[in-house]
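Descriptive analysis of the structure
Each chain is listed here by its residues.
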Amino acid sequence: MMKKMSIPTSKTSLVLFLCQIISALDVPLDSKLLEELSQPPTITQQSPKDYIVDPRENIVIQCEAKGKPPPSFSWTRNGTHFEIDKDAQVTMKPNSGTLVINIMNGGKAEAYEGVYQCTARNERGAAISNNIVIRPSRSPLWTKEKLEPNHVREGDSLVLHCRPPVGLPPPIIFWMDNAFQRLPQSERVSQGLNGDLYFSNVQPEDTREDYICYARFNHTQTIQQKQPISVKVFSTKPVTERQPVLLTPTGSTSTKVELRGNVLLLECIAAGLPTPVIRWIKEGGELPANRTFFENFKKTLKIIDVSEADSGNYKCIARNTLGSVHHVISVTVKAAPYWLTAPRNLVLSPGEDGTLICRANGNPKPSISWLANGVPIAIAPEDPSRKVDGDTIIFSHVQERSSAVYQCNASNEYGYLLANAFVNVLAEPPRILTPANKLYQVIADSPALLDCAYFGSPKPEIEWFKGVKGSILRGNEYVFHDNGTLEIPVAQKNSAGTYTCVARNELGKVQNEVHLEIKDPTMIIKQPEYKVIQRYGHVSFECIIKHDSTLLPTVTWLKDNDELPDDERFLVGKDNLTIMNVTDKDDGTYTCIVNTTLDSVSASAVLTVVAQPNPPFDLELTGQLERSIDLSWIPGDENNSPITNFVIEYEDALHEPGVWHYQTEVPGTQTTVQLKLSPYVNYSFRVIAVNKIGRSQPSEPSEQYLTKSASPDENPANVQGIGSEPDNLVITWEPLKGFQSNGPGLQYKVSWRQKDVDDEWTSVIVANVSKYIVSGTPTFVPYEVKVQALNDLGYAPEPSEVIGHSGEDLPMVAPGNVQVHVINSTLAKVHWDPVPLKTVRGHLQGYKVYYWKVQSLSRRSRRHVEKKILTFRGNKTFGMLPGLEPYSSYKLNVRVVNGKGEGPASPDKAFNTPEGVPSSPSFLKITNPTLDSLTLEWGSPTHPNGVLISYTLKFQPINNTHELGPLVEIRIPANESSLILKNLNYSTRYKFYFNAQTAVGSGSQITEEAVTIMDEVQPLYPRIRNVTTAAAETYANVSWEYEGPDHANFYVEYGVAGSKEDWKKEIVNGSRSFFVLKGLTPGTAYKVRVGAEGLSGFKSSEDLFETGPAMASRQVDIATQGWFIGLMCAVALLILILLIVCFIRRNKGGKYPVKEKEDAHADPEIQPMKEDDGTFGEYSDAEDHKPLKKGSRTPSDRTVKKEDSDDSLVDYGEGVNGQFNEDGSFIGQYSGKKEKEPAEGNESSEAPSPVNAMNSFV
């Protein structure tokens, strides 16, 4: 039969009651509310339980409490009521329970020893303090005693006893000497926990007479001194070693009791020689980690904050070389009472239920007792709503009279705990503590919390409404908190408005309104970005924001989550942060924080400062061998840019001190390298680090390393044998550099012999030079040459041989069988037979063709002979002659060329060029305008390039809109020079085109415009016509005819023909009708026109001209030829004689024609020109001996007109980058040459060109 367990009915109801969920009333911490509500007393401050006081000062026993109404205070002393008013030495502070016992005015502290307890009481209950034990501190003197000197044998142990007087609290002990210096302590000598001084073994240095023990009493700030102790150590030989013996504690076991939470101190001090070493273990377990410490040279084991788990057996072991000894201390941890659950104040409404719980633990288990208003609950007034059940008081259906203060006392043999907890029964109508019409501002899409702090007893119910007549708020979109707060988890724009909170209980009802505004969120629309910047550069971070217009944002910049450095380089703008002259310390994370009163956003970016690496350091040389060495180093800081490679340089302090040379380089991951060395070099090395930013500064040089000398490893480079004269051979070479010599005494062995002849080598040894001249050699014969290096230690390896030649001489013969084939009017092909190589007497460089124009076939005239030269490289036997003038007679000869110069010329070969098209007429002048006619006058072409057969005139009218009318063409015989055009329209502008023809075709045309008049009275209208140009190499003389008002200001515009560039403009001084253009490019076609300022922009028609080609240089420097020097001396003498004759004639009043012309004109710019037609004064044309016609555009005979031939020297020869294909066409170069040649036929020698004469004036 099963046995049933029955539970008493009273016990069952108690369990059910405790299982009910009871919520006590919470009182908000509102100062105004707390001032209005009644509250039992609460002790807020009291003196410690064990209160040791200084007997020389007043005793203050604290007791402070709060309550409503304010409590009154009373005291008990040693369990009986303390009559404060009857003791003149005792006073109580106003509005406080703190006692002040006046000791300094005659009171005795000992008279007030005892146990004190304070009671704070008002109409709702009484609270009591702990039992406060008052004891005055004591610091007694040492008892007088006679201390005998301690005579100890060396190696024995010794204990000097302190035995301080018993004080309150216990004193702090320390040992010093007469000089107040602490005695040194060690594993051998140390102070125990009881204050005694222990010597594990004494040494002779321990002998002294002033071992003094001091006791310091902190409470009274006094130090007591024991009489000095004398120790004398005497020596015995030998000193006997001893195994360890424990001085304290004695025996093999002992016990120790410590309270929970205190510090456990265990001590073992041993004697022995050598000095024993102490070790601690816990039997059956480990010493607690993080709470175990060793002090006093491991003689003291310290465990802090001990608990019951630290109980057990602790063993100390003392060991030296002779053995060991141990002691076991059995530790028991007891515990004064400590709280598990301290009772808490209860605020209840009438009719509510509640409990007070008081739970404590300790070792042994503490007992629990209750008091009500300071009176044991068993004898306190009865309360039907109260029931005590061990550590719990149960309250049911309380009333206002149930208010009281309850004390829980938990105690055991090691101490007690006392706690006050009140039960306050209140009946209050609802109150709303949140201020009325409070404004809440939140960011859209964020939670909105609307407060409705309330109080009432019984606890009121809370309801929320939106708007004036809104319905009660319900639903998932709202959260209603127990403290009355309304939460809108995601507030939207439509959540804004007025909300009403209503609180009601059975005693009343109250409501309050609050307002909600929704703001736009703050955003960073452009965040700072990651930046990499070089050191000393500038960097800027942007932080552009968008925010609600009603909120005022503040922008703060942080560096590495801290304030920006106080540095003027940091410039904070409205939307950015700029850092000037960035340094390495600026590296880090920069954060832009935007704060408003409602929200905060931030964005960060990293700044990486890069720079060239720091130089490597700690260079070390190891593994020194004759031809190699190991170099190692430590890299410097790479400054945020990885090192890509290291460059190693060396200095040779022996041969080139201060000069650093490249040695090698290695990858950036390598910090050692084996370097190849040369003999006889005093090496120092340095290392340069390289990254993407650049190169570091060089490291400090390494130590020097001098390699041993050796014979040379190599011979000189670039050995050559070239003769400078027909009878010598100059041998040259590049000398070895200093470190290549491999040793002192560097010399060279120079050897040579004639090639293909069985001669022996001829050798000489020369100093450290770079050439040697062999004299008396045959002309231009091959030699074998070699140069070998040697020094004091030997020769370099056998050198290789090179082939050289002795000096050259001028070629002996001229090319033969010269033939000319004329291809067209400007191009001819010349053939010749090569000369035998033996007659060249040198390196064949090529052939030169000299050619010159003899005369024009269209008219016989004297001219300056301008010889041109074309050079054809190599063993060529033909070439092309470009740039010939049509319908002209030419001569040429051919010469062979070697390194020494030119050979003799071949016989002159004559040839003629066929006709070509003529140049444009020299001028076109239109005069005598009438109603229907115009008179045309023109000049023949400057270069007819053949026999003229006719002229062609084309003209057409131009209307007011500048449109051209029908074109009329007229053929005119070649012998005509003027024409009257009739039957023209009156007051009409015409444009004329005029050119000449030969049998080959038409030449370039000249244009002009003219206007017929409106009536017979001819108006004076402005007109510039007949613009002509005489061009030289770098300048041109422009002239024109002007019809119109006086005092016109002219200007000349010019530019490169066919170019789209703007016209260049030159202003003409005065009213002259000519101007010299300077600074032109030789061989270039130009366009030119003339205009008049202030005449409605009137300009002449355009004219074309071409500057002459640059004079080609002679290939032979005739200035070094003897015949040329003699000729120049003769010319100088002749000029001197002419000057003397002229001077004599001038003194007689004679003048030259040219001088007369020059005297007539003061302007130096116009002196070479005639006043009326612009021709050169008193000089004739180089071709036809006739004066230049009026308006002639013919330049000096050096000018090559573009219209004269379609071929140009620019298209041929090496000198002008022209080339032909391998069909034998021209690949050489030409140069211009001017010589005085004898005249043929009826020609005679000419004076110098007038253009050349004018060069000296321009």
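Thresholds, definitions, all that
Residues numbered from 1 in each chain as written. Predicted model: local features only at pLDDT ≥ 70, side-chain atom pairs only at ≥ 80, totals over all residues. Heavy atoms only, no water. Helix = DSSP H or I, 4+ residues; strand = E, 2+ residues; numbered from the N terminus. Areas by Shrake-Rupley, 256 points an atom, 1.4 Å probe, with all protein chains shown as cover. Core = buried A, V, L, I, M, F, W, Y, C linked by side-chain atoms within 4.5 Å. Buried < 20%, exposed > 50% of the residue type's maximum accessible area, 1.4 Å probe, protein only. Pairing = 2+ DSSP bridges. Polar contact = N/O pair within 3.5 Å; in protein donor to acceptor, adjacent residues only side chain to side chain. Contact = heavy atoms within 4.5 Å. Disulfide = S-S within 2.5 Å. Salt bridge = Lys/Arg side-chain N within 4 Å of Asp/Glu carboxyl O. pLDDT = per-residue confidence, 0-100. Patch = residues over 30% accessible without salt bridge, like charges linked within 9 Å, V, L, I, M, F, W, Y side chains within 5 Å. Phe/Tyr/Trp six-rings, centres within 6.5 Å; stacked < 30°, edge-to-face > 60°. Axes fitted to C-alpha atoms, helices over the stretch in contact; angles between N-to-C directions.

1. A word on the overall build of the protein chain
- From N to C terminus, the protein chain includes six helices and 93 strands.
- On the protein chain, roughly 65200 Å² of surface is accessible, and the fraction owed to carbon and sulfur atoms is 51%.

2. Observations concerning the nonpolar core
- By size, the foremost hydrophobic cluster in this structure holds 29 residues, and its most contacted members are Ile59, Ile61, Trp75, Ile101 and Tyr116.
- Secondary structure elements with two or more residues in this core: strand 3 (59-61), strand 4 (63-68), strand 5 (72-77), strand 8 (99-101), strand 9 (114-122) and strand 11 (132-136).
- It is strand 9 that provides the largest number of residues to this core, a total of three residues.

3. A word on the sheet that holds strand 52 (residues 562-563)
- Reading across from one edge, 48-56-55-51-52 is the order of the five strands in this open sheet, with mixed pairing throughout. For this open sheet the edge positions go to strand 48 (531-534) and strand 52, each flanked by a neighbour on one side alone.
- Where strand 51 (residues 554-559) and strand 52 come together, two bridges link them in antiparallel fashion. Within strand 52, the residue paired with Lys559 across the bridge is Asp562.

4. What to know about the side chain of Gln997
- Following the sequence through the fold, Gln997 ends up in strand 84 (residues 989-997).
- Of the polar contacts made by the side chain of Gln997, one reaches the side chain of Thr952; its length is 2.7 Å.
- At a separation of 3.4 Å, a polar atom in the side chain of Gln997 contacts the side chain of Ser1002.
- If we ignore the near neighbours within four places in the chain, the residues touching Gln997 are Pro918, Val947, Leu948, Ile949, Ser950, Tyr951, Thr952, Arg971 and Ser1002.

5. Quick word on the state of the cysteines
- One pass over the full model with this rule turns up six disulfides.
- The disulfide that involves Cys358 links it to Cys408, with 1.6 Å between the sulfurs. Measuring the twist about the S-S bond at about -75°, one finds the Cys358-Cys408 disulfide to be left-handed. Of the two residues, Cys358 sits in the loop between strand 30 (354-357) and strand 31 (359-363) while Cys408 sits in strand 36 (residues 404-412), which places them 50 residues apart along the sequence.
- Disulfides within the protein chain link the bonded cysteines, taken in sequence order, as 1-2, 3-4, 5-6, 7-8, 9-10, 11-12.

6. Looking at the pattern of salt bridges
- Overall, the coordinates contain 37 salt bridges when judged by the stated rule.
- In this structure, Lys302 and Glu295 form a salt bridge, with 3.3 Å as the shortest nitrogen-oxygen distance.
- A relative accessible area of 32% places Glu295 in the partly exposed class.
- Across the pair Asp713 and Arg627 runs a salt bridge, and its minimum N-O distance is 3.0 Å. With Asp713 in the loop between strand 63 (705-706) and strand 64 (717-722) and Arg627 in the loop between strand 57 (617-622) and strand 58 (628-634), the pair connects residues that are 86 residues apart, well separated along the chain.
- A residue is classified by how much of its surface remains accessible, and Asp713, at 41% relative accessible area, is partly exposed.
- Residue class for Arg627 comes out partly exposed when judged on its relative accessible area of 37%.
- Linked through salt bridges whose partners overlap, the residues forming this network are Arg153, Asp156 and Arg242.

7. Side note on the pairing of strand 46 (residues 508-519)
- Here six bridges tie strand 39 (residues 438-443) to strand 46, and the two strands are oriented parallel to one another. What sits directly across from Lys438, in strand 46, is Val514.
- Pairing of strand 45 (residues 497-505) with strand 46 involves nine bridges; the strand directions are antiparallel. By the bridge assignment, Val502 is partnered in strand 46 with Gln511.

8. Concerning unusual backbone geometry
- Cis geometry marks the peptide bond from Leu168 to Pro169, where omega comes out at -10°.
- By the secondary structure assignment, Pro169 is in the loop between strand 13 (158-160) and strand 14 (172-176).
- For the bond running from Lys237 to Pro238, omega is -5°, close enough to zero to count as cis.
- Although it is not a glycine, Asn561 adopts a positive phi angle of roughly 60°.
- The backbone of Asn983 sits at a positive phi, close to 60°, despite the residue not being glycine.
- In this structure, Asn983 sits in the loop between strand 83 (978-981) and strand 84.

9. Some words on the confidence of the model for the protein chain
- Summary statistics for the protein chain give a mean pLDDT of 84 and a share of 85% for residues scoring 70 or more.
- Low pLDDT, under 50, characterises residues 1-23; the stretch is placed with 13 contacts to residues that sit more than four places away or in other chains.
- Ignoring residues within four places in sequence, the model shows residues 1149-1258, a span with pLDDT below 50, making 258 contacts including any to other chains.

10. Details of a nonpolar patch on the surface
- Residues Leu1133, Leu1136, Ile1137, Ile1140, Val1141, Phe1143 and Ile1144 make up a contiguous nonpolar surface patch of roughly 660 Å² in combined accessible area.
- Within the secondary structure, Ile1140 is located in helix 4 (residues 1122-1147).

11. So, the packing of aromatic side chains
- In total, this model carries 23 aromatic pairs according to the counting rule given.
- Seen in terms of ring centroids, Trp832 and Phe872 are 6.0 Å apart; in terms of plane orientation they differ by 50°. Their pairing is tilted. With Trp832 in strand 73 (residues 827-833) and Phe872 in strand 75 (residues 865-873), this residue pair connects regions lying 40 residues apart in the sequence.
- Residue classification places Trp832 among the buried residues on the basis of a relative accessible area of 2%.
- Their ring planes at 15° and their centres at 5.6 Å tell us that Tyr890 and Phe911 sit as a pair that is stacked. Highlighted residues: Tyr890 in strand 77 (residues 888-898) and Phe911 in strand 78 (residues 909-912), separated in sequence by 21 residues. There is no split in this pair, since Tyr890 and Phe911 are both buried.

12. Focus on the sheet that holds strand 87 (residues 1036-1043)
- On the basis of which strands lie adjacent, the open sheet formed by three strands has the order 86-87-90 and antiparallel pairing. Every interior strand has two partners, whereas the edge strands, strand 86 (1023-1031) and strand 90 (1074-1077), have only one. Along the sheet, successive strands turn relative to each other by an average axial angle of 20°, direction set aside.
- As paired elements, strand 86 and strand 87 share seven bridges and run antiparallel to each other. Bridging from a neighbouring strand, Ala1031 pairs with Ala1036 of strand 87.

13. A few points about the environment of Ser940
- Within the element layout of this structure, Ser940 appears in strand 80 (residues 934-941).
- On the basis of relative accessible area, Ser940 is assigned to the partly exposed category, the value being 29%.

14. As for the pairing of strand 5
- Judged by which residues are buried, strand 5 turns out to be one-sided: Phe73, Trp75 and Arg77 face inward and are buried, whereas Ser72, Ser74 and Thr76, on the alternate face, are not.
- As judged from the two bridges shared by strand 5 and strand 6 (residues 80-81), these two strands associate in the antiparallel manner. The residue of strand 6 that forms the bridge with Thr76 is His81.
- Between the antiparallel neighbours strand 5 and strand 6 lie two residues, among them Asn78 with a positive phi of about 55°.

15. Things to note about the environment of Ala427
- Mapped onto the fold, Ala427 is located in the loop between strand 37 (415-425) and strand 38 (428-432).
- For Ala427, a relative accessible area of 35% puts it in the partly exposed group.
- For the pair Ala427 and Glu506, spaced 79 residues apart in sequence, the C-alpha separation works out to 10.0 Å.
- With sequence-adjacent residues up to four places away left out, Ala427 is seen in contact with Pro350, Glu400, Ser457 and Leu507.

16. Quick notes on the environment of Thr930
- Counting through the fold element by element, Thr930 comes out in the loop between strand 79 (921-927) and strand 80.
- In this structure, the C-alpha to C-alpha distance between Thr930 and Thr1012, residues 82 residues apart in sequence, is 5.6 Å.
- Once you skip the residues sitting within four places of it in the chain, Thr930 turns out to touch Thr1012 and Ile1013.

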